[in-house]
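Residue strings, one per chain:
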Amino acid sequence: MAYDKFSKITSPAIPLPVENVDTDQIIPARYLKAVERKGFGDNLFRDWRYNRDGSPKTEFPLNNPMYSGKILIGGKNFGSGSSREHAAWALYDYGFRVVVSSFFADIFKNNALNNGLLPVVVPGEFLQRIFKTIEKNPDAEFEVDLQKQKFTILESGESVEFEINPYKKHCLQNGLDDIDYLVAMKDKIAAFEKTK
Amino acid sequence: MEAKTLFDKIWDAHEIEKVKGGPSVLYIDRHLIHEVTSPVAFLGLKTRGLKVFRPDQTTATPDHNVPTTNQHLTIMDELSRHQVDMLKRNCQEHDIVYHDLQTDGHGIVHIIGPELGLTKPGMTIVCGDSHTSTHGAFGAIAFGIGTSEVEMVLASQCIMQPKPKKMRITVNGKLKKGVTAKDIALYIISQISTSGGTGHFIEYAGSAITSLSMEGRMTLCNLSIESGARGGMIAPDETTINYVKGRQYAPIGKDWDEAVEQWKNLKSDPDAVFDTEYTFDATQIEPMITYGTNPGMGVGITQSIPKTEGMEGSDKNTYLKALQYMGYSEGEKMLGKKVDYVFVGSCTNGRIEDFRAFTAFVKGRKKAQGVTAWLVPGSQKVEKQIRAEGLDKVLTEAGFELRQPGCSACLAMNEDKIPEGKYAVSTSNRNFEGRQGPGARTMLASPLTAAAAAITGVITDPREFL
């Protein structure tokens with residue numbers, strides 16, 4: 001899927017200090033009926049964000065006008081549960097480019113990386129510092145530098161390095177996906193099949 | 001030669017190359033697809049002007065979105081119907097075998113794979129569904145993938161994956177009466193948490209595991225993902241071989257003999273090293289029930305909801321948020337809690353053995369008034385078998401009725417939604433907020449515990465009736 005090339009993002013962040021945010025919360029199953037990748041952002045966190053009558057739940061961070069930005073800060077074990085890639089699509093479509101947590105579920109992490117959404121793993125203690133920074137100043141800005149693999153709290157200058165495998169980093173920086181790579185090696189795949 | 005785990009052996013035999021500083025290119029033997037996670041992948045192929053690379057290694061069926069009554073009629077929900085039609089059209093266009101509603105091969109994708117003999121030891125199997133881990137019960141590497149990855153496999157029969165770490169979970173001892181594979185799984189997850197398996201692929205071992213039937217092994221491997229693991233597997237043995245033999249896509253004659261010889265080598269070497277190991281005692285496991293909003297929030301059925309003593313900060317807040325959603329308080333007993341709905345089905349517990357267990361339990365008893373029970377066979381074959389064995393008559397006499405195959409209330413994508421605030425005992429795999437319908441409250445349990453709840457209307461220890 002085509003997505004924007006990723007280099008460096010400076011933005012305030014939206015806090016979601018809940019653990020084990022599963023993909024059913026990110027996008028409930030009843031919103032998975034589309035056959036195109038469009039408009040999933042409208043239903044991002046549907047049941048946490050809206051009342052049954054469709055009115056917004058004012059206490060939910062995405063509805064709080066104090067918060068804005070391209071970075072979502074989530075509690076540990078973010079993205080557990082269903083493999084639905086719609087979760088990554090919904091976050092991207094809403095406008096997020098980075099999700100930060102102390103721990104991501106495996107499938108979600110792959111799905112995010114395949115869609116230009118950068119999952120940044122930071123130590124649990126640092127995650128709490130990010131939450132505290134936003135609590136004190138909701139406009140506080142953060143910098144995510146993919147080239148340097150560095151996440152910085154700009155107010156204090158505190159930063160951590162994050163891991164990403166060099167191949168995925170290259171893909172994100174250039175807006176490439178794995179399918180280009182695999183299709184280019186079809187002859188090798190066909191040769192492998194003969195050895196089986 | 002270096003000692004290898006079962007996982008290593010299968011992975012290494014399917015790794016075409018390892019990208020420098022990146023993932024492996026892994027060859028996929030069998031790709032299962034369904035209506036929800038495939039349409040965008042087919043659209044991607046079209047945009048790139050690609051055909052499906054190996055259509056004969058791809059199998060399709062609609063399951064997530066289908067109604068479980070009146071399947072002979074047009075699907076009423078327009079969006080669901082469109083998704084199912086789209087799958088059918090994509091399969092026609094790309095020459096993929098499609099098991100339509102009402103045909104013999106139809107059912108939940110993880111139920112039909114093994115039933116048809118598509119799932120075999122030593123294979124790599126993927127599907128755009130996290131419960132693909134089910135197929136690991138046969139000694140296969142099977143895991144769930146996202147839609148971008150579905151497109152990769154359609155385009156190249158390969159996937160790019162970092163090799164996970166290896167975990168072994170050994171469960172020794174004899175299971176007590178009334179304790180099933182579902183209880184083993186919920187027990188393990190309650191011990192290692194819903195993120196304990198993250199980054200790992202599990203191999204289950206030990207006498208309590210090898211004594212399980214294939215159905216039980218599938219239930220256990222199915223729930224591997226709920227511990228965060230990519231998948232779980234069990235080394236193939238006589239039980240596995242006997243199950244596969246004679247199925248539609250199983251090898252025959254000389255090919256069968258050769259396959260069995262190969263399968264016998266599919267086990268971890270005695271001195272193979274796992275990154276993480278756990279050992280549990282089967283005799284310590286009770287029938288399990290969940291009380292919260294993730295599958296790790298489970299206790300033995302006679303136990304109380306754990307107290308928050310010793311919990312701090314976001315751990316405590318997340319825990320209390322879950323109890324609030326469930327309408328429960330810390331320290332309460334689970335026994336005796338009200339049950340409004342009972343759901344038996346899903347890729348976790350929708351196989352014939354599950355319906356046999358449920359039926360034997362309710363035989364000669366009556367469904368409690370006020371309980372709505374949805375019994376949803378995992379496939380056409382399961383439904384036929386239920387009827388062939390006369391289980392349907394026993395169920396009718398006890399006040400239950402059978403629905404038609406599909407994923408149903410497990411994820412409530414179709415009409416089978418538990419109403420807001422109602423309590424459901426469910427044999428499915430996830431008790432997340434709203435999973436079974438907006439505001440629905442789910443308690444995960446085995447088919448036996450579900451049966452006990454169905455006839456009493458409250459959470460009941462099934463052992464009282466055995």
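Predicted model, so just to flag it, every value in this text is computed and none were measured.

A. Just the overall build of chain B, in detail. Each helix and strand counted, chain B has 16 helices and 18 strands in total. At 21 Å, chain B has a C-alpha radius of gyration in line with the 23 Å of a compact globule built from 466 residues. Over its C-alpha atoms, taken along the principal directions, chain B stretches across nearly 55 × 55 × 45 Å. The buried share of chain B, taken over its 466 residues, is 67%. Taking the intrachain contacts of chain B between residues at least 6 apart in sequence as the baseline, contacts between residues at least 24 apart amount to 75%. Roughly 16100 Å² of accessible area belongs to chain B as shown, and the carbon and sulfur atoms make up 49% of that amount. Counting 51 positive and 55 negative side-chain charges, chain B places the centres of these two groups 2 Å from one another.

B. Summary view of the pairing of strand S8 (residues 158-161) of chain B. Residue and element names in this part refer to chain B. Neither face of S8 is exposed, since Cys 158 and Met 160 on one face and Ile 159 and Gln 161 on the opposite face are all buried. One ladder, built from four bridges, connects strand S2 (residues 24-27) with S8; its direction is antiparallel. When the bridges of S8 are listed, Val 25 appears paired with Met 160.

C. Structural view of empty space enclosed by the protein. Residue and element names in this part refer to chain B. One pass over the full model with this rule turns up six cavities of 30 Å³ or more. In this structure, the largest cavity spans a volume of roughly 200 Å³. Every residue lining the largest cavity is counted, 22 residues in all, and those nearest its centre are His 64, Asp 129, His 131, Leu 411 and Arg 435. Looking at the lining of the largest cavity residue by residue, the class counts come to seven nonpolar, 11 polar and four charged. One number sums up the size of the second largest cavity: a volume of about 140 Å³.

D. Local environment of the environment of Ala 13 of chain A. Residue and element names in this part refer to chain A. Residue placement: Ala 13 occurs in strand S1 (residues 8-16). Residue classification places Ala 13 among the buried positions, given a relative accessible area of 0%. For the pair Ala 13 and Tyr 67, spaced 54 residues apart in sequence, the C-alpha separation works out to 6.9 Å. Filtering out sequence-adjacent residues up to four positions away, Ala 13 remains in contact with Tyr 67, Ser 68, Ile 71, Ile 73, Ile 134, Ala 140 and Phe 142.

E. The confidence of the model for chain B, seen in detail. Per-residue pLDDT for chain B averages 97, and the proportion of residues at 70 or more is 100%. Reported confidences for the modelled complex are a pTM of 0.97 and an ipTM of 0.95.

F. A look at unusual backbone geometry. Phi is positive for Asn 77 of chain A, which is not a glycine, with a value near 60°. Judged by its relative accessible area of 1%, Asn 77 of chain A falls in the buried class. The phi dihedral of Gln 102 of chain B is positive, around 75°, even though this residue is not glycine. Looking at the secondary structure, you find Gln 102 of chain B in the loop between strand S5 (97-98) and helix H4 (109-116).

G. Molecular detail of the pattern of salt bridges. Residue and element names in this part refer to chain B. Per the counting criterion, the structure on display carries 39 salt bridges over all chains. Asp 100 serves as the salt-bridge partner of Lys 88, at 3.0 Å between the closest nitrogen and oxygen. Residue Lys 88 is located in helix H3 (residues 78-94), and its partner Asp 100 is located in the loop between S5 and H4; the two are separated by 12 residues in the primary sequence. When its relative accessible area of 32% is taken as the criterion, Lys 88 is described as partly exposed. Residues Arg 463 and Asp 461 are paired through a salt bridge, measuring 2.9 Å at the closest nitrogen-oxygen approach. With a relative accessible area of 27%, Arg 463 lands in the partly exposed category. Salt bridges sharing partners connect three or more residues here, namely Lys 4, Asp 8, Asp 12, Lys 163 and Lys 166.

Calculation criteria
- Residues numbered from 1 in each chain as written.
- Chains lettered and ligands numbered in written order.
- Predicted model: local features only at pLDDT ≥ 70, side-chain atom pairs only at ≥ 80, totals over all residues.
- Heavy atoms only, no water.
- Helix = DSSP H or I, 4+ residues; strand = E, 2+ residues; numbered from the N terminus.
- Rg over C-alpha atoms; globule rule 2.2 N^0.38 Å.
- Buried < 20%, exposed > 50% of the residue type's maximum accessible area, 1.4 Å probe, protein only.
- Contact = heavy atoms within 4.5 Å.
- Areas by Shrake-Rupley, 256 points an atom, 1.4 Å probe, with all protein chains shown as cover.
- Lys, Arg positive; Asp, Glu negative; His and termini not counted.
- Charge placed at Lys NZ, Arg CZ, Asp CG, Glu CD.
- Pairing = 2+ DSSP bridges.
- 1 Å grid on protein atoms, 1.4 Å probe; cavity = no way out; pocket = protein on both sides within 12 Å on 5 of 7 lines; lining within 4 Å.
- Points joined across faces, edges and corners; volume = space filled by probe spheres on them.
- Nonpolar A, V, L, I, M, F, W, Y, C, P; charged D, E, K, R; others polar.
- pLDDT = per-residue confidence, 0-100.
- Salt bridge = Lys/Arg side-chain N within 4 Å of Asp/Glu carboxyl O.

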